[in-house]
Amino acid sequence: MTLKNTDDRWGGLSQLLHWTIVVLILVIAYIGLTMGDLPNGPDKIRTYALHKSIGITILGLAVLRLLWRFYAGTPKPAPGTPHLQERLASLMHWALYALLFAIPISGWVVNSSAGFPLQWFGLVNLPAIVERSRELHEAAEEAHELMFWLLALLAAAHAGAAFYHHIFQRDATLARMLPKGWLRTGEAVLADTSNDKDSGHAA
Ligand code: HEM
Ligand code: HEM
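Residues numbered from 1 in each chain as written. Chains lettered and ligands numbered in written order. Predicted model: local features only at pLDDT ≥ 70, side-chain atom pairs only at ≥ 80, totals over all residues. Heavy atoms only, no water.

A separate point is the site of ligand 1. Taken together, 20 residues form the shell around ligand 1, and within it Gly32, His51, Gly107, Glu141 and His144 come nearest. His144 places a polar side-chain atom, nitrogen or oxygen, 2.8 Å from a nitrogen atom of ligand 1. Broken down by secondary-structure element, the contributors of at least two residues to the shell around ligand 1 are α1 (12-35), α2 (42-72), α3 (83-113) and α4 (134-169). Ranked by residues supplied to the shell around ligand 1, first place goes to α2 with six residues. (Near = heavy atom within 4 Å. Polar contact = N/O pair within 3.5 Å; in protein donor to acceptor, adjacent residues only side chain to side chain. Helix = DSSP H or I, 4+ residues; strand = E, 2+ residues; numbered from the N terminus.)

What follows concerns the packing of aromatic side chains. The tally for this structure, following the rule as stated, stands at five aromatic pairs. Ring geometry for Trp68 against Tyr71: centres 5.5 Å apart, planes inclined by 45 degrees, an arrangement best described as tilted. Here Trp68 pairs with Tyr71, and both are found in helix α2, just three residues apart, close to one helical turn. Look at Trp68 and you get buried, because its relative accessible area is 16%. A residue is classified by how much of its surface remains accessible, and Tyr71, at 57% relative accessible area, is exposed. (Phe/Tyr/Trp six-rings, centres within 6.5 Å; stacked < 30°, edge-to-face > 60°. Buried < 20%, exposed > 50% of the residue type's maximum accessible area, 1.4 Å probe, protein only.)

What follows covers the side chain of Ser112. Inspection of the secondary structure puts Ser112 in helix α3. Ser112 sits in the buried class, given a relative accessible area of 5%. At 3.1 Å, the side chain of Ser112 forms a polar contact with the backbone nitrogen of Ile129. Not counting residues within four places of it along the chain, the set of residues in contact with Ser112 comprises Pro127, Ala128, Ile129, Val130, Glu131 and Arg132. (Contact = heavy atoms within 4.5 Å.)

With that settled, consider the coordination of the iron atom of ligand 2. For a metal with four tetrahedral donors the ideal donor-metal-donor angle is 109.5 degrees, whereas six octahedral donors ideally subtend 90 or 180 degrees. Protein-derived ligands of the iron atom of ligand 2 are His18 (NE2) and His158 (NE2), with the metal-ligand distances lying across 2.0 Å. Its six donor atoms give the iron atom of ligand 2 angles of 86 to 179 degrees at the centre, a pattern that matches the octahedral case. Here His158 lies in helix α4 and His18 lies in helix α1, a separation of 140 residues in the sequence. For His18, a relative accessible area of 10% puts it in the buried group. (Donors = N, O, S within 2.8 Å, 3.2 Å for Na, K, Ca; no water. Tetrahedral: all angles 85-135°; square planar, octahedral: opposite > 155°, others 65-115°.)

Glancing now at empty space enclosed by the protein. Tallied over the entire structure, the rule returns one cavity of 30 Å³ or more. What the largest cavity holds in volume is close to 70 Å³. Along the walls of the largest cavity sit Trp10, Ser14, Leu17, Arg65, Trp68, Arg69, Tyr97 and Met177, which together make up its complete lining. When residues of the lining of the largest cavity are assigned to their parent elements, the largest contribution, three residues, is made by α2. Grouping the amino acids of the lining of the largest cavity by side-chain chemistry returns five nonpolar, one polar and two charged. (1 Å grid on protein atoms, 1.4 Å probe; cavity = no way out; pocket = protein on both sides within 12 Å on 5 of 7 lines; lining within 4 Å. Points joined across faces, edges and corners; volume = space filled by probe spheres on them. Nonpolar A, V, L, I, M, F, W, Y, C, P; charged D, E, K, R; others polar.)

Written out as structure tokens, the structure is:
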């Protein structure tokens, strides 16, 4: 597997970063939506700290991912993709990137404006990024939650589009975001069938 992106595939590093971020978002969303209901005590504090540490990790991975994208480039759209669909996909990807930055930063603002300390997995102390402020705290809390639901909506549409490409357009959009050979595309199946016919293997 090549590490760098090519014209027709995402390389290993882009794939690893994409799917690691997806898994971390699922985990952090579950923790975020359930941690408020925990009984007060050390477990609750530890769970909030875990949520924040995973969130900071996502922020770091998003920075890495964007830097790698600028360096390694992106594959060309799957052949035959209409121009409007290409524009919409690109708009969606930039909206997802924007949220991958804005959500953890708003969480950091929630934390700093409440005057809480912030540590990354108990290993690194991170500074406050805003002054203590009740109004800002409340606004950031709302923004954090609202942007999360927007991400959930856009990510669901984005995943739906990936499956649509795979199932109905039968192109390699989804397969090229996965290791080679994990997913057969309709194009490959059609090519195999016509090769069989050409070589007299068709029944
Ligand atoms: C991509 C990263 C993140 C996602 C997807 C995420 C998601 C969420 C969700 C779904 C909630 C529950 C919202 C609610 O129902 O009220 C929440 C709450 C919270 N998050 Fe995050 N979060 C992320 C990163 C962070 C970071 C980096 C921090 C802090 C450094 C943070 C701090 C908080 C805090 C303090 C709350 C509780 C807010 C409240 O009490 O209403 N989050 N987060
Ligand atoms: C939280 C969830 C997700 C986020 C934040 C996310 C984010 C992104 C972003 C930002 C890109 C653009 C990459 C770039 O141009 O640099 C991308 C590409 C892609 N994502 Fe996701 N994604 C998520 C979930 C999923 C899921 C669940 C699937 C499939 C089931 C998926 C399939 C793909 C595919 C196939 C591409 C490549 C599209 C292409 O080559 O044009 N993503 N994703």
